[in-house]
Amino acid sequence: MKAPVLGVVVVSVVLCTVRAGDDFKVYTLTAPAPEEVVGMLKGMCGPEARLVYDSRGRRLMVYGSSNDHERISQALLKINLPLKNLRIDVVTTEAVSEKKAGAGVSGSGNLVLGSGGTRGSVRLTPRIENTSVSAESSTRQTIMVQSGSESVLFVGSDVPNLEWLMDYGVRSGCAARGLAWQRVGAYLRVRATVLGDGSTVALEIVPELSGPVDGRTEHVRFAKVATEVTVKNGQTVELGGLAENKDFYSRFLIGVDKSGVSRQLRMSATPRILE
């Protein structure tokens, strides 16, 4: 989520030094050793062209002449590898744990009814019951993405901690105060990028609230608690955020069952590179 900000800063700096007739374009680098590729392209274009590489997004931002862009385009046709596709299997586990307590009285003994009345003995035994019930249910989502692109994971259509989350968003500068949501859902926006030799995947996961406000669709992305991890192809990773963001995710990853009770969710993702 920080890459677009970098792009804006770079553009504003380059604008002060560009030549008349220069154009701005963004290229995706899928070749191995992209830093070396950037160095080669800078040598091809000369010192007057402005090339800035965003390593996280594997993007090359270029201000240059039409000849510069032609050289870059032709070079990338030869050295860029085709973008790989990924399948990401996401398992959501809803953990339910309830304790039930109760009290009662049980009795035992004999009663005899005769002409002289009722006689006998009864022993009363008080009892206290504590019962613990635990259960888990899992659902699976599968998303397909191209390396470097993003998709969205559904968390829930009900957001029990909406007031807390919106207050957090206002304080962190990613949400406007007083949004009158007509309906709002919780999502995780996932960007997956195949790295290096194709054996590892970089995942960027950003929590998001989305829904209609005054007839338009509003999105609130919590970039400050985004999770960035690098995993091996086929490795499973928990989508719970870093340790310092546990308080946020404990309030964001909430599901609501059919009875309206909030349940804590655990989500894990397994990216697989498709050949």
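Structure shown above.
Residues numbered from 1 in each chain as written. Predicted model: local features only at pLDDT ≥ 70, side-chain atom pairs only at ≥ 80, totals over all residues. Heavy atoms only, no water.

Considering all chains together, one arrives at 14 salt bridges under this definition. Ionic pairing is found between Asp-68 and Arg-71, a salt bridge with its closest N-O pair at 3.1 Å. Taken together, the residues span about one helical turn, with Asp-68 and Arg-71 both in helix 3 (residues 66–79) at a distance of three residues. By relative accessible area, which is 3% here, Asp-68 ends up buried. On the basis of relative accessibility, which here comes to 37%, the residue Arg-71 falls in the partly exposed class. Between Arg-251 and Asp-247 there is a salt bridge, with its nearest N and O atoms 3.4 Å apart. (Salt bridge = Lys/Arg side-chain N within 4 Å of Asp/Glu carboxyl O. Helix = DSSP H or I, 4+ residues; strand = E, 2+ residues; numbered from the N terminus. Buried < 20%, exposed > 50% of the residue type's maximum accessible area, 1.4 Å probe, protein only.)

The next point concerns the nonpolar core. The biggest cluster of nonpolar side chains holds 39 residues, and the ones touching the most others in it are Ile-88, Leu-188, Leu-203, Leu-209 and Phe-252. Elements represented by at least two residues in this core include exactly strand 4 (85–114), strand 5 (117–146), strand 6 (149–156), helix 4 (162–172), strand 7 (185–195), strand 8 (200–213), helix 5 (246–252) and strand 13 (262–274). When sequence neighbours within four positions are dropped, the list of residues in contact with Ile-88 reads Gln-141, Thr-142, Ile-143, Val-145, Val-190, Ala-192, Leu-203, Ala-269, Thr-270 and Pro-271. (Core = buried A, V, L, I, M, F, W, Y, C linked by side-chain atoms within 4.5 Å. Contact = heavy atoms within 4.5 Å.)

Further remarks concern the packing of aromatic side chains. Scanning the model with the defined rule gives ten aromatic pairs in all. Seen in terms of ring centroids, Trp-164 and Tyr-168 are 5.7 Å apart; in terms of plane orientation they differ by 20°. Their pairing is stacked. Of the two residues, Trp-164 and Tyr-168 are both situated in helix 4; the distance of four residues between them amounts to about one turn of the helix. Connected via pairs of aromatic rings, a cluster forms that spans Trp-164, Tyr-168, Phe-222, Phe-248, Tyr-249 and Phe-252. (Phe/Tyr/Trp six-rings, centres within 6.5 Å; stacked < 30°, edge-to-face > 60°.)

An ideal rise of 1.5 Å per residue puts 16 Å on twelve residues; helix 2 (residues 34–45) measures up with 16 Å between its terminal C-alpha atoms. When we look at burial in helix 2, the residues that qualify are Pro-34, Val-37, Val-38, Leu-41 and Cys-45. Projection of helix 2 onto a plane perpendicular to its axis shows the buried side chains occupying an angular sector of 100°, all on one side. Turned more than 90 degrees off the buried face of helix 2, the exposed positions are Glu-35, Glu-36 and Gly-43. The elements touched by buried residues of helix 2 are strand 2 (50–54), strand 3 (59–64) and helix 3. Positive backbone phi, at 90°, marks Gly-46, one or two positions downstream of helix 2. (Expected span 1.5 Å × (residues − 1). Arc of directions from axis to C-beta.)

A separate point is the pairing of strand 7. Burial of strand 7 is extensive: eight of the eleven residues sit out of reach of the surface. Relative to strand 7, strand 6 is paired through seven bridges, and the arrangement is antiparallel. Each residue of the ladder has a partner; that of Gly-156, found in strand 7, is Ala-186. In this sheet, strand 8 lies alongside strand 7 in antiparallel orientation, the contact comprising eleven bridges. From the neighbouring strand, Leu-188 faces strand 8, where its bridge partner is Pro-207. Counting the residues that bridge the hairpin from strand 7 to strand 8 gives four residues, and of these Gly-196 lies at a positive phi of roughly 50°. (Pairing = 2+ DSSP bridges.)

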